[in-house]
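Examining the three-dimensional arrangement
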Amino acid sequence: MNYYSLNKKAPSSTFKNAVIKGLAPDKGLYFPENITPLPQSFWDSFDSLSYPEMAYEAIKQFVLPEIPEEILKKIVSDTLSFDFPVVKLNDSISSLELFHGPTMAFKDVGARFMARCLGHFNRDNDKEVTVLVATSGDTGGAVANGFLGVKGVNVVILYPRGKVSDIQEKQLTTLGQNIKALEVNGTFDDCQAMVKTAFLDEELTSKMQLTSANSINVARWLPQLFYFLFAYKQLHKQYDNIVFSVPSGNFGNICAGMMAQQLGLPIKHFIASNNLNNVVTRYLISQLYEPKPSIQTISNAMDVGAPSNFIRIQEIYKNRFEDLKNNLSSYSFTDEETKEAMLEIYNNFNYVADPHGAVGYLGSKSYLKDNPNAHCVFLETAHPTKFLDVVEDVIKEKQPLPKQIQSVMGKAKEASSISIYEDLKSFLLSK
């Protein structure tokens, strides 16, 4: 499979090059040249396939032959070493729990898959690769854990000071080894802008190999389509009209779901559930795409003012607005509405949701008002104890800490503080 730049001003790329480079030379995101629907034989055997078997069949066209079949199967199997349960709240709404991995966030899958692919590509290479990643919360911990100890790979994580939860900060600042954390005096958008500037800096890129582990990287983004296959397998015998409500920040997750749909998964509709960072909600009303500075909220992983992956969504629909709008609804909710939803979910269903899942739940409820025959699955993207202060304050119940969280709580934070791009550049060159 070859990949092309969405800026359309760069040569086509192999999967390996796309993973290692992250961005195309013209600074566009890479996108697969072809998307071939899965054969009927896949769907005929769908219910008998294990999750790794299903995931391998779905991802192989995007990776083979650059990673040999048996190695890719092992990468997929190693990536999916935990469960993805669907929890039914009622006949209209279910939660897809994506927090059973090592850092208790949905990004574990993409980070683990990408780390294993990059490790394979770099196995015989003496030249080190530096993975540069901006995080608004969960990406940092997942990438840190996924790449910990990977040969020939250094990881530098930028995160906004005071805008991630204490547990999220612990997960990305306490691992040591090949993981370095930079605490940025600014917002996530500032972190993301620094990362993009580094990729444009020829003085820097001439001296070191940079790649990104944000969802702009195809190996981080594409494996997220697995979730939708797994949820559909658990529900399709009960419900015909399955709709996914995705808490959306950088829009990689929902875009991956649309890729699963392109492969033939019969998803009826998608809901982009936003907090007050609602550029896509406004776009679907006005047809004007107007990124704005991000706003800090309690659902911090969605605090993105300029979602990188939305251009991929537009590419899937060939920039046909009406086609996109027919398949995507979007709603925006305040922190107060999010807290009310968390309490409602707890009181009505005895279920503890994190703020991001609660936004997804609200999106489901909004969609069901006009589409009562749908069954909405909201993505519970992070374990609620990652947002302990908010969750316990809302539901007034003490929450036990899972072992994945307990393991980092007593560790000392190690992070360097930076404010401007030149600080990042100096740090990278000094390493």
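Since this is a predicted model, take the numbers as computed values, not measurements. (Residues numbered from 1 in each chain as written. Predicted model: local features only at pLDDT ≥ 70, side-chain atom pairs only at ≥ 80, totals over all residues. Heavy atoms only, no water.)

1. A closer look at the pairing of strand β10 (residues 242-247)
Applicable threshold: Each residue's exposure class comes from its accessible area (1.4 Å probe, protein chains only) as a fraction of the maximum for that residue type: buried when under 20%, exposed when over 50%, partly exposed otherwise. To qualify as a helix, a DSSP run of H or I must reach at least 4 residues; to qualify as a strand, a run of E must reach at least 2; elements of each kind are numbered from the N terminus. Strands are labelled as partners when DSSP assigns at least two bridges between them.
Within β10, six of the six residues are buried, which leaves the element mostly enclosed by the surrounding structure. Here β10 shows a buried face lined by Ile242, Phe244 and Val246 and a second buried face lined by Val243, Ser245 and Pro247. Alignment of β10 against strand β13 (residues 375-380), held across four bridges, turns out to be parallel. The residue bridging Phe244 from the neighbouring strand is Val377, located in β13.

2. Concerning the pattern of salt bridges
Note that side chains of opposite charge can pair when their charged atoms are close. To keep it simple, the criterion reads: Throughout this description, the term salt bridge denotes a Lys or Arg side-chain nitrogen within 4 Å of a carboxyl oxygen of Asp or Glu.
Going through the model one piece at a time under the given rule, you end up with 16 salt bridges. Between Glu70 and Lys73 there is a salt bridge, with its nearest N and O atoms 3.8 Å apart. Taken together, the residues Glu70 and Lys73, both in helix α4 (residues 69-79) and three residues apart, mark about one turn of the helix. Residues Glu392 and Lys398 are paired through a salt bridge, measuring 4.0 Å at the closest nitrogen-oxygen approach. Glu392 gets classed as buried once you look at its relative accessible area, which sits at 18%. Each of Arg161, Glu169, Glu183 and Lys413 takes part in salt bridges that share partners, so that together they form one network.

3. Brief notes about the UniProt feature "modified residue: N6-(pyridoxal phosphate)lysine" (unreviewed entry) in the protein chain
The test is simple: UniProt positions are given in the numbering used here, feature names are shortened, and annotations may be inferred rather than shown by experiment. Contacts are assigned to residue pairs that have any heavy atoms within 4.5 Å of one another.
The feature "modified residue: N6-(pyridoxal phosphate)lysine" (unreviewed entry), as annotated in UniProt, sits at Lys107 in this numbering. Turning to its location among the elements, Lys107 is positioned in helix α5 (residues 107-121). Setting aside its immediate chain neighbours within four residues, Lys107 contacts Asp138, Thr139, Ala142, Arg220 and Tyr227.

4. Notes on the sheet that holds strand β4 (residues 86-88)
Counted only if it meets this: A fitted line through C-alpha atoms represents every axis, and for helices the fit uses only the stretch in contact; the resulting angles, taken between N-to-C directions, go from 0 to 180 degrees.
An order of β4-β5-β13-β10-β11-β12 is seen for the six strands of this open sheet, with the pairing classed as mixed. Looking along the sheet, the strands with just one partner apiece sit at the ends: β4 and β12 (328-332). Ignoring strand direction, the axes of neighbouring strands in this sheet form an average angle of 25°. Sheet topology note: the strand β11 (residues 269-274)/β12 ladder contains five bridges and is parallel. When the sheet's bridge partners are listed, Ser273 is paired in β12 with Tyr331.

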